[in-house]
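Geometric and topological summary
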Amino acid sequence: MELNPKKTAVIFKALCDENRIKILQFLIGGEKCACRLLEELNITQPTLSHHMKTLLDSGIVNGRKEGKWMHYSISKEGLEKAQEYLEYLKGEV
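Residues numbered from 1 in each chain as written. Predicted model: local features only at pLDDT ≥ 70, side-chain atom pairs only at ≥ 80, totals over all residues. Heavy atoms only, no water.

1. Some remarks on the pattern of salt bridges
- This model, assessed by the stated rule, comprises six salt bridges.
- Measuring nitrogen to oxygen at the nearest pair gives 2.8 Å for the salt bridge that ties Arg 64 to Glu 66.
- Owing to a relative accessible area of 44%, Glu 66 belongs among the partly exposed residues under this scheme. (Salt bridge = Lys/Arg side-chain N within 4 Å of Asp/Glu carboxyl O. Buried < 20%, exposed > 50% of the residue type's maximum accessible area, 1.4 Å probe, protein only.)

Written as structure tokens, this is what we have:
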């Protein structure tokens with residue numbers, strides 16, 4: 001495996017914010033509508049959009065539009081990629 005520094009930075013940037021970690025915790029239980037995340041986190045819609053863009057760009061979260069709302073879920077593939085990078089950095093790959 002070859003480490004891609006840019007992609008690695010994008011993934012770990014997504015994991016270095018308290019609100020994004022909270023979002024991931026909510027998504028553990030399955031797909032959630034943005035409206036539900038807004039209620040749970042008590043943040044503004046623009047703030048949620050900013051965090052979700054970061055998570056989507058990292059590949060850790062998937063999004064799909066239904067009507068006027070976005071629905072988000074954890075990406076198993078994205079998490080596996082993050083885990084691969086960690087294992088590489090540990091010298092285990």
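We are not done yet, so read on.
2. Quick notes on the pairing of strand β3 (residues 69–74)
- Both strand β1 (residues 32–33) and β3 contribute to a ladder of two bridges, which runs antiparallel. Along β3, the bridge assignment pairs Lys 32 with Tyr 72.
- For strand β2 (residues 61–66) and β3, the ladder comprises six bridges, and the chain directions are antiparallel. When the sheet's bridge partners are listed, Arg 64 is paired in β3 with His 71.
- Once β2 ends, the chain turns through two residues before running back antiparallel as β3, passing Gly 67 with a positive phi of about 65°. (Pairing = 2+ DSSP bridges. Helix = DSSP H or I, 4+ residues; strand = E, 2+ residues; numbered from the N terminus.)

3. What to know about the side chain of His 51
- Summarising the element assignment, His 51 is placed in helix α4 (residues 45–58).
- Apart from residues lying up to four places away in sequence, His 51 is in contact with Asp 17, Asn 19, Arg 20, Ile 23 and Ile 43. (Contact = heavy atoms within 4.5 Å.)

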